[in-house]
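Analysis of the macromolecular model
So you can see what is in the structure, the chains are spelled out below.
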Amino acid sequence: MLTKKWPKHSILAIAIIATWLKTYIAYQTGFSITLDNGMQEAILLLSPLSLLLFLYGLSLFFKKTKNKNRYLLAMTLVTSIILYGNIAFYRFFNDFITLPVLFQTENFGDLGTSAAASIYPTDILYFSDFILLLLAVKLLKIKEENTKSQATARKAYFVLSAAILFLNLGLAEAERPQLLTRSFDREMLVKNLGIYNYHLYDIYVQSKSQAQRAFADGSELTDVQNYVRANKVEPSEDMFGIAKGKNLIVVTLESMQTFTMNKEMNGQIITPFLNELTEDEDTVYFPNFYHQTGLGKTSDSEFLLENSLYPLSGGAVFFTHGGNTYNSMAEKLGKQGYATNVQHANSKSFWNRDMMYESLGVDEFLDIQNYTVGEGEAVNWGMKDIPFFEQSVAHMAEMPQPFYSRLITLTNHYPFTLDPQDKLIDEFDSNSGTLNRFFQTTRYLDEAVKELFDDLKEQGLYENSIIVMYGDHYGISENHNEAMAQYLGKEITPYESAQLQRVPFFVHIPGSGQGHVNEEIGGQIDMRPTILNLMGVESNTDMQFGSDLFSEEHEEFAIFRDGRFITKEYVYAGNTCYENGTGAAIDQELCAPFAERAFEELGYSEKVINGDLLRFYDEETGQLLGTEQ
């Protein structure tokens, strides 16, 4: 069979078909893409074809068979790397790679165990088309090329490629109107455009955003300012200034999710100390509080906390816009006489923190060089939480007061591994090792927080401090929905997945007597105005999108970075409107006004960041620089 001569374009056909089918199978097996109907399935199947036809079809311009085959092999390898890179990235981040992420090279060396845990031996199958094509080039005998011009045939070929592209775009537009102009959801883009076209679109979007700063001027802030002012709320009279003059300690609870709170796992309590804290007379606990991070994960949560601006849709602000002008909470408290710092037992360059903290006005960054990591105290990319808290509190004892110190934990981080002596509960028994171990590291984090409170009391810092703690982002992605369904005892629908984005938020003020469970719906965008009001610091003129969670005027509206949102009545997820509470799908029109506003708010925030617009704003007066109002 291999001795016969095959048609002259056989290698091209094999390359296109093999990569096309491999990509479609990868969509089904490597990603958790939700498909709601047959049309979406058809679009997913069709979406890789147009670019593959065009890209591989360029080989038709090569005259020599050897050069044509080399080009096809190179392109097959490139597309395989693109596809596999997204799959490995998706396993950890539950998202797709964007152009800015590729330039976050300073993080790659630190990803260590997390990256290794995302690579499987069977991943060689994602290069099966390259292997098949290599064999075909070696073994198949191809008929000699016709030396006559093939211009007409090539023209027809590329017309077919263009026709398939327009068909794809037409079907995608019918299925998801205004896909390219009104979507922050990368899964929606990949589902409708295909992974390869998505990356071309991403290059266009990122190039456009980079150009915005160069052409920006203060006039662009007018609409943003009007929107922010229209949504201002008055602070709570009872809570404003209740922590005035106290030290502010903010703790980032790595990967902590609310579904573990006040719950058991196979009869074992997951968070005993935090459970007690929810009933403490000096603690306000928010169970309906949502993370709003994107690809920047922990760094995005920091950005939200400091600025009450949304992170970017396509990368980590800490990397892409680290040199911008910001009016951060750290800078604001610094002007009130606070010594400001961040303590994190990790490399100072991770997430570009050393540069970004300068832009945020943080006085001091205590990184891994400021800690002594003893035997058995290392974990993930730094230091276990219990010794980290002990040494961090010792640092605080040496700080001038009042101080604002942020502590970023590490132990409860993917892939959620612990030394035997730190395992305080057993593993779960699902088919997901990630979820099974997650309960153990969450239990360890809970124990670490208990130790933190004890350390603060021992050092005499507890009574004169306000302690704010929040979960930074999800720990268990949608890749583990089957295992989560086993634990929760129910199917993980888009509605349930949105609810799983809740992270705990605690405000602990010793001696205040204000403790209660606050059911208000809110998100990380609300942390800055809430904390500043508690500290008695006015923020009426600040350019912030959140509002005080204690205010009677606070609106229960939490917008996710990908455009999903939660209100008291509705949950919008998976392009579907649900009734909040029952999870029943309801008329899309009920969610439409909120969806429009979510898009508007996210767009305004991106405009501020991409254009570096706060350089044109005076937060002291609330005026655009160079104007009088």
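Structural data are supplied above this passage.
First things first, this report covers the structure right here in the doc.

Thresholds, definitions, all that
Residues numbered from 1 in each chain as written. Predicted model: local features only at pLDDT ≥ 70, side-chain atom pairs only at ≥ 80, totals over all residues. Heavy atoms only, no water. Helix = DSSP H or I, 4+ residues; strand = E, 2+ residues; numbered from the N terminus. Rg over C-alpha atoms; globule rule 2.2 N^0.38 Å. Buried < 20%, exposed > 50% of the residue type's maximum accessible area, 1.4 Å probe, protein only. Contact = heavy atoms within 4.5 Å. Areas by Shrake-Rupley, 256 points an atom, 1.4 Å probe, with all protein chains shown as cover. Lys, Arg positive; Asp, Glu negative; His and termini not counted. Charge placed at Lys NZ, Arg CZ, Asp CG, Glu CD. Patch = residues over 30% accessible without salt bridge, like charges linked within 9 Å, V, L, I, M, F, W, Y side chains within 5 Å. Salt bridge = Lys/Arg side-chain N within 4 Å of Asp/Glu carboxyl O. Disulfide = S-S within 2.5 Å. Phe/Tyr/Trp six-rings, centres within 6.5 Å; stacked < 30°, edge-to-face > 60°. Axes fitted to C-alpha atoms, helices over the stretch in contact; angles between N-to-C directions. Parallel < 35°, antiparallel > 145°, perpendicular 65-115°, else oblique. Left-handed = near helix turned anticlockwise from the far one by under 90°. Nonpolar A, V, L, I, M, F, W, Y, C, P; charged D, E, K, R; others polar. Core = buried A, V, L, I, M, F, W, Y, C linked by side-chain atoms within 4.5 Å.

**Regarding the overall build of the protein**
Summing up its helical and strand segments, the protein has 23 helices and 22 strands in all. Here the C-alpha atoms of the protein give a radius of gyration of 27 Å, agreeing with the 25 Å that 2.2 N^0.38 yields for 629 residues. Taken over the C-alpha atoms alone, the protein extends approximately 90 × 65 × 50 Å along its principal axes. Looking at the protein residue by residue over its 629 residues, the buried ones come to 57%. If you take every contact in the protein between residues at least 6 apart in sequence, the share linking residues at least 24 apart comes to 77%. Split by element, the accessible area of the protein, about 25600 Å² in all, is 54% carbon and sulfur. Charge separation in the protein, taken as the distance between the mean sites of 48 positive and 82 negative side-chain charges, equals 18 Å.

**Considerations on a negative patch on the surface**
On the surface, Glu234, Glu237, Asp238, Glu538, Glu552 and Glu553 cluster together into a patch of negative charge. You can see Glu234 is positioned in the loop between helix 12 (221-230) and strand 3 (247-253).

**Re the pattern of salt bridges**
Side chains bearing opposite charge may pair, as long as their charged atoms lie close to each other. Enumeration according to the criterion identifies 23 salt bridges in this entry. For Asp542, the salt bridge is made with Lys332, and the minimal N-O distance between the two is 3.1 Å. You can see Asp542 sitting in the loop between helix 22 (527-534) and strand 17 (557-559) and its partner Lys332 sitting in helix 16 (residues 329-334), a full 210 residues away along the chain. The exposure class of Lys332 is buried, given its relative accessible area of 9%. Among the salt bridges present, the one from Lys335 reaches Glu619, with a minimum N-O distance of 3.5 Å. Here Lys335, found in the loop between helix 16 and strand 8 (339-343), pairs with Glu619, found in the loop between strand 21 (617-618) and strand 22 (623-624); they are 284 residues apart in sequence, far enough to count as distant. Judged by relative accessible area, which is 48%, Lys335 ranks as partly exposed. Look at Glu619 and you get buried, because its relative accessible area is 5%.

**Digging into the state of the cysteines**
Under the defined criterion, the tally for this structure stands at 1 disulfide. Note on cysteine connectivity: Cys577 is disulfide-linked to Cys591, with sulfurs 2.0 Å apart. Classification of the bridge connecting Cys577 and Cys591 rests on its S-S torsion, roughly 70°, and on that basis the disulfide is right-handed. You can see Cys577 sitting in strand 20 (residues 576-579) and its partner Cys591 sitting in the loop between strand 20 and helix 23 (592-610), a full 14 residues away along the chain. The pair Cys577 / Cys591 is uniform in exposure class, with both members buried.

**A closer look at the side chain of Thr19**
In this structure, Thr19 sits in helix 1 (residues 10-30). We classify Thr19 as buried; its relative accessible area is 0%. In contact with Thr19, other than residues within four places in its own chain, are Leu52, Tyr56, Thr76, Thr79, Asp129 and Tyr196.

**Things to note about the packing of aromatic side chains**
Counting across every chain of the model gives 43 aromatic pairs. Plain terms: the ring middles of Phe31 and Tyr90 are 5.1 Å apart, the flat faces sit at 80° to each other, and that makes the pair edge-to-face. A residue pair is termed long-range when its members are at least 10 positions apart, and Phe31 in the loop between helix 1 and helix 2 (38-46) and Tyr90 in helix 4 (residues 65-93) qualify at 59 residues. Of the residues examined, Phe31 reaches a relative accessible area of 5% and is grouped as buried. Seen in terms of ring centroids, Phe565 and Phe594 are 6.1 Å apart; in terms of plane orientation they differ by 40°. Their pairing is tilted.

**Focus: the packing of helix 18 (residues 385-397) against helix 19 (residues 433-458)**
At a closest axis distance of 9 Å, the pairing of helix 18 and helix 19 adopts a crossing angle of 25°. Taken together, helix 18 and helix 19 sit at an angle that is classed as roughly parallel. Helix-helix and strand crossings are classified by hand; for helix 18 and helix 19 the assignment is right-handed. Two secondary-structure elements touch here, helix 18 through Asp385, Ile386, Pro387, Phe389, Glu390, Val393 and Met396 and helix 19 through Tyr444, Leu445, Glu447, Ala448, Val449, Glu451, Leu452, Asp455 and Leu456. Here the residues of the contact of helix 18 with helix 19 are counted per class, giving 11 nonpolar, no polar and 5 charged.

**Topic: the nonpolar core**
Note that soluble globular proteins tend to have their nonpolar side chains buried in a common cluster. Core analysis: the biggest nonpolar cluster contains 73 residues, and Leu221, Leu248, Tyr404, Ile466, Phe505 and Phe545 have the highest contact counts within it. Ranked by residue count, the leading element in this core is helix 23, at 5 residues. Contact partners of Tyr404, with chain neighbours within four places excluded, come to Leu248, Val250, Leu305, Glu306, Met329, Ala330, Leu333, Tyr338, Ala339, Thr340 and Asn341. Residues Ile11, Ile33, Leu46 and Leu52 belong to the second largest nonpolar core, which totals 46 residues.

**Regarding the packing of helix 2 against helix 9 (residues 151-175)**
It is at 10 Å that the axes of helix 2 and helix 9 come closest, and there the two elements cross at 150°. Looking at the two axes, helix 2 sits roughly antiparallel to helix 9. The interaxial crossing formed by helix 2 with helix 9 has left-handed handedness. Contact with helix 2, carried on its side by Met39, Gln40, Ile43 and Leu46, involves Ile164, Leu167, Asn168, Leu171, Ala172 and Glu175 of helix 9 and no other residues of that element.

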